[in-house]
Structures are given as structure tokens and as C-alpha cells.
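Secondary and tertiary structure notes
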2 protein chains.
Amino acid sequence: MKLSDKKRINILDAAEQLFFEHGVQHTTMDQVATQAKASKRTVYNHFASKDVLFDAILSRMFEELEEGEELVFAQHMTIERQLTAIANQEVVLLTSDRFLRIAKIAFMQMLQQPTLAKSIASNQFGCMRYLHEFLQQACVAGELHIEDIDFAAKQFVYQLKSFIFYPVLYGFETSISIQTSQIIEQTVRTFLARYRPI
Amino acid sequence: MKLSDKKRINILDAAEQLFFEHGVQHTTMDQVATQAKASKRTVYNHFASKDVLFDAILSRMFEELEEGEELVFAQHMTIERQLTAIANQEVVLLTSDRFLRIAKIAFMQMLQQPTLAKSIASNQFGCMRYLHEFLQQACVAGELHIEDIDFAAKQFVYQLKSFIFYPVLYGFETSISIQTSQIIEQTVRTFLARYRPI
DNA sequence: CAAAAAGTAAACTATCAAGTGCACTTTATC
DNA sequence: GATAAAGTGCACTTGATAGTTTACTTTTTG
């Protein structure tokens, strides 16, 4: 790999780390340069301004988020097991350092510039990419009975986020202190209590 | 009222408004002074620094949040009606301009200085102040069957917050576009599906 | 109404950080 | 190995803004 490419990556990594730790506002370009082991001039040769650097980081992050397997409804497995599998996968994402970083940086900026929110809101992450389809098929198969599938999908994901993601994002709790398996179990149980046909 | 007291309030109001609109970081003390119709020196005579001013605003906000009626379990009303009443009251709080302002300012700062989160996490707002007690009594009366009351209370409140509060806070949606009555109905329904004795 | 307390306007200091210019060195490429 | 492309270090400009000083006016209070 060329030195130039290495430097570019170093700069992005350094900025991401620093933005995460101190916020975009409180990170100086000198700090970025130092941490990236590059000169400030090189930073500016790659990224014309701090804003451009920030945008580059956001893009890189969103690309990564598109990865991850999409689960499909399977007739031969119980609905509990399948929902539990989906919840498990989602929790892995929500508690990953990577995702928390992205979230923190993006949320900080969103609160400050509302225009950004619109563009981020349109992206879909994790199980939200396929959950609607999954529930639809579970309904067709008679395993679930849901009137408003969009709403139900949100209920499921929001419950996981509320217990697992937001408390850590805002620093109310640490990832370690959260009982994920219990929360997953309760989320599935509540969902089925509401939507399993009688 | 003395001029001095008026000025103090003007300054707090102005700062609150500006912090809400542009964030603490992007609000200058000159702006605060101008908006408060006070001289900058007066601002500094009341509040020794921007940080002191910010703390004063937070304190004032938290005091206001302690207001609001606490509902108690009543034998003669159905549990649906009572939960719906609680949800309604909570939604009024969550969608109020006042609360959204507090939240936005506080959340912005929390993301930037994690120490702040701890002190805020300890405060309880809205129905969280009395919901545990309420559910406990509903269980004693045989109207509900809950194993983990703390968890159930959070489920109830988190669902409302997820659908009504966070989307507005982050600018994904406006308060107007949200169907609160439908969300309240579904929240109560889901809660009862899970916790009403068979 | 006189003294003290508080407010005012505007210029000033100090600091911090974004971004630039330049002379020079290192790395890539033909 | 010569030439171009990229990186380096450091001093510099520029702009923003927190907080202060000063000389003066207004409000409060005994």
C-alpha cells in the first residue's frame, strides 16, 4: 500500500477516535495530525477542511453498517427461536464498539444540525432492513397475527434499543452492566404475548 | 420585582432559548446578553462564567420537572383506563416544548461530557416517579401479574419514549406528525397482553 | 435625597484553533 | 537515478469568543 493511502486511513482512524472521545467540536486538527502521525499540512492535503473530514468519516461508517446477514423466515423453526436469533444478532450490533462510536458521533452532530438528521433517518441499519419482510411471512404462515407490521417491527427493535443501546450511548450504564440475555428473552416474550395468534 | 431579578430571569430565558437553538458551544455570551437585553457585564455579574450559566439553567429545568401530579392505583377503575391515563399524562410531558428543550440541551452536553450523565441519570421524571408503586398495587389487587416490576415499568415508559420522544428529539419527525393516541393505545394493549393474569 | 448597589456601552486582552505558505525531505514512478 | 508527487515542520495569518476594564448612568434603599 502506498504511503499516501496509509496516511489517509491513519487520519480517518485518528479523527474517528478523537471525535468519539471528545466530540467533533472539541477535537483540533493538530490533535488529529499528531494522533495520525502525519503533519497538519498532510491532513489538509487529504481533507480540505474539518467538515470534509467529518463527512468522510460518516460515509465510511455508513458503508460498514450495510454489512451483516439478513435473516429470512423459516417454516421449520419455532417463531420464538427465530425472533431470539434476530434479537441476538441485533444486540451484537448495538453493543459493538464500532456501532456505538458511529452513533455517538452522528447523534452529537444531529442534535446540533437538524438538517443532518433527515439524511441519517432515511438509512436503515441492522434488522430493520429485513424485519418487515420477516414478520410479513410469519403472518402468512399463521405464526403471528399483526395488524400494523411497521409498528410491530419498531416495537421489537425499539425495546432492544431502549434497554441496551440508549443507556450506554448516554453513559447511564456501561455495556458490561447490561443483562442482554434477559432483555432479549423478555422482548421476545412480550412480542409473542401481543402478536401470537390465540 | 426588582430590576436585578428581572435581568437574571431574562438572561436565563435568553440563554435557554439560544442553547436550545444552537447548542451550548455555538452560543456566545454576546448573543446571550443581546437577547436578554442586558449588557455583557451584567451577564457576568450574575453568572461568573458560561459553565455557571449552563448549570443554573439545568437546575432551573430540573426543578420544573419535579412538578406534575402523581397517579395512584384505584380499585374502582379498570386497569386499561388507568394505564391509559398514565400514558396520556406522560405523553403530554414528552411532547411539551419545555421538556424537549431541556432534553435537547441536556443530551447534547451528556454526549460531550460523560460525567454529566451520572448526575442526570439519578433524577426521575414524569410517571417514572410513581409507576413502580402503581404497578405494585395493581399486582396486589390481582389486576396484573408481573415478575420484575422495575423492568415492566421501563418497558412501558420506554415504548412511549421510543415512539414519541426520541424521533422528535433527533429531528426525524415533528411532534405534529406523530399519532399519539394510537401509540398510547398500542402501548397499553401490549403491556396488558404481557402482564394481565390469564 | 444621598449613598450604595446594580446596570451599561464599548473598547480591550488573551487564548484557542482553523487554515495557509514555504523551504525542505521522503517516497513513488518512469 | 532523475523527476514528480507527496509528506514534513514550523511559523504565520485570521477569526472567533470568553472574560475584563473603565468611565459613566440608573435603580434601590435607608
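Residues numbered from 1 in each chain as written. Chains lettered and ligands numbered in written order. Predicted model: local features only at pLDDT ≥ 70, side-chain atom pairs only at ≥ 80, totals over all residues. Heavy atoms only, no water.

**Re the state of the cysteines**
Applying the stated criterion to the full structure yields 0 disulfides over all chains. As a non-bridged cysteine, cysteine 127 of chain A has cysteine 139 of chain A as the owner of its nearest cysteine sulfur, 16 Å distant. (Disulfide = S-S within 2.5 Å.)

**Here's the deal with the relation of the copies chain B and chain A**
If you rotate chain B by 180 degrees and push it 0.0 Å along the axis, it lands on chain A with an RMSD of 0.1 Å. Here the two chains are linked by the operation of a two-fold rotation axis. Rotation axis and chain B: the residue whose C-alpha lies nearest the axis is alanine 193 of chain B, separated from it by 2.8 Å. When the interface residues of chain B are mapped onto chain A, 100% of them again fall at the interface, so both copies present the same face. (Least-squares fit on C-alpha atoms with pLDDT ≥ 70 in both. Contact = heavy atoms within 4.5 Å.)

**What about the protein's contact with DNA strand C?**
In the neighbourhood of DNA strand C, 19 residues make up the surrounding shell, with Met29, Arg41 and Lys50 of chain A together with Lys7 and Thr42 of chain B lying closest. If you look at DNA strand C and keep only atoms within 4 Å of the protein, 69% of those are sugar or phosphate atoms. Note that a phosphate oxygen of DNA strand C is positioned 3.3 Å from one of the backbone N or O atoms of threonine 27 of chain A. The side chain of threonine 42 of chain B places a nitrogen or oxygen atom 2.7 Å from a phosphate oxygen of DNA strand C. The set of elements that each furnish at least two residues to the surface near DNA strand C consists of helix H3 (40–46) of chain A together with helix H1 (3–22) and helix H3 (40–46) of chain B. In terms of residue class, the surface near DNA strand C is made up of 5 nonpolar, 7 polar and 7 charged. (Near = heavy atom within 4 Å. Polar contact = N/O pair within 3.5 Å; in protein donor to acceptor, adjacent residues only side chain to side chain. Helix = DSSP H or I, 4+ residues; strand = E, 2+ residues; numbered from the N terminus. Nonpolar A, V, L, I, M, F, W, Y, C, P; charged D, E, K, R; others polar.)

**Observations regarding the interface of chain B and chain A**
Interfaces are often sized by the amount of accessible area the parts lose when they come together. Each partner contributes to the interface: chain B provides 33 residues, whereas chain A provides 33 residues. Surface buried jointly by chain B and chain A totals about 3600 Å² across both partners, of which 62% is contributed by carbon and sulfur atoms. There are 0 salt bridges connecting chain B and chain A. Where chain B touches chain A, the interface holds 8 residue pairs in polar contact (both at pLDDT 80 or more). Put simply, the parts of the chain that give the side of chain B that touches chain A at least two residues each are helix H6 (97–112), helix H7 (114–121), helix H9 (149–169) and helix H10 (180–195) of chain B. By residue number, the principal contributor to the side of chain B that touches chain A is H9 of chain B, which donates 9 residues. Across the side of chain B that touches chain A, the residue classes break down as 16 nonpolar, 10 polar and 7 charged. (Buried area = accessible area lost by both parts, 1.4 Å probe. Salt bridge = Lys/Arg side-chain N within 4 Å of Asp/Glu carboxyl O.)

**Notes on the UniProt feature "DNA-binding region" (unreviewed entry) in chain A**
On the UniProt side, "DNA-binding region" (unreviewed entry) is annotated at positions that read residues 28–47 of chain A here. The distance from the first to the last C-alpha atom of residues 28–47 of chain A is 14 Å, and the span holds 70% helix and 0% strand. (UniProt positions renumbered as here; feature names shortened; annotations may be inferred.)

**Looking at the confidence of the model for chain A**
Residues at a pLDDT of 70 or more form 100% of chain A, whose mean pLDDT is 92. Between the elements of chain A, mean pLDDT differs from a low of 73, seen in helix H7 (residues 114–121) of chain A, to a high of 98, seen in helix H10 (residues 180–195) of chain A. (pLDDT = per-residue confidence, 0-100.)

**Brief notes about unusual backbone geometry**
You will see that lysine 37 of chain A, though not glycine, has its phi angle at about 50 degrees, which is positive. Mapped onto the secondary structure, lysine 37 of chain A falls in the loop between helix H2 (29–35) and H3.

**Observations concerning the domain arrangement of chain A**
All names here are of chain A. Considered domain by domain, chain A is made up of domain 1 (3–62) and domain 2 (66–195). One C-alpha centre belongs to domain 1, the other to domain 2; they are set 31 Å apart. Of the residues lining the interface, 12 residues belong to domain 1; the matching set on domain 2 comes to 14 residues. Taking both sides of the interface into account, the surface hidden between domain 1 and domain 2 amounts to around 1300 Å²; carbon and sulfur atoms contribute 68%. Considering only the side of domain 1, the residues that lose the most area to domain 2 are Phe20, Met61 and Phe62, jointly responsible for 51% of the buried surface there. Our count for the contact surface shared by domain 1 and domain 2 stands at 2 salt bridges. Note that glutamate 16 is salt-bridged to arginine 98, the shortest N-O span being 2.7 Å. For the interface between domain 1 and domain 2, the tally reads 5 residue pairs in polar contact (both at pLDDT 80 or more). (Domains from an automatic or database assignment.)

**Quick notes on H7 of chain B**
Residues and elements named next belong to chain B. For H7, the complete set of buried residues consists of Leu116, Ala117 and Ile120. Buried residues of H7 fall within an arc of 105 degrees about the axis and therefore sit on the same side. Turned more than 90 degrees from where H7 packs its buried face, Thr115 and Lys118 sit exposed. On its buried face, H7 is in contact with helix H4 (50–65) and H6. (Buried < 20%, exposed > 50% of the residue type's maximum accessible area, 1.4 Å probe, protein only. Arc of directions from axis to C-beta.)

**Section: the protein's contact with DNA strand D**
By nearness alone, 19 residues border DNA strand D, and Lys7 and Thr42 of chain A together with Met29, Lys40 and Arg41 of chain B come closest of all. Close to the protein, within 4 Å, the atoms of DNA strand D belong to sugar or phosphate groups at a rate of 69%. The contact in question runs from a phosphate oxygen of DNA strand D to an N or O atom on the backbone of serine 39 of chain A, over 2.9 Å. Within the side chain of lysine 40 of chain B, an N or O atom sits 2.8 Å from a base nitrogen of DNA strand D. Every element with two or more residues in the surface near DNA strand D is listed here: helix H1 (3–22) and H3 of chain A together with H3 of chain B. A breakdown of the residues in the surface near DNA strand D according to their chemical character gives 5 nonpolar, 7 polar and 7 charged.

**Describing the packing of helix H5 (residues 79–95) of chain A against helix H9 (residues 149–169) of chain A**
All names here are of chain A. Running from amino to carboxyl end, H5 crosses H9 at an angle of 40 degrees, the nearest separation of the two axes being 10 Å. The orientation of H5 with respect to H9, classified from their angle, is oblique. Both H5 and H9 take part in a crossing whose hand is right-handed. Two secondary-structure elements touch here, H5 through Leu83, Ile86, Ala87, Glu90, Val91, Leu94 and Thr95 and H9 through Phe156, Val157, Leu160, Lys161, Ile164 and Phe165. Grouping the amino acids of the contact of H5 with H9 by side-chain chemistry returns 10 nonpolar, 1 polar and 2 charged. (Axes fitted to C-alpha atoms, helices over the stretch in contact; angles between N-to-C directions. Parallel < 35°, antiparallel > 145°, perpendicular 65-115°, else oblique. Left-handed = near helix turned anticlockwise from the far one by under 90°.)

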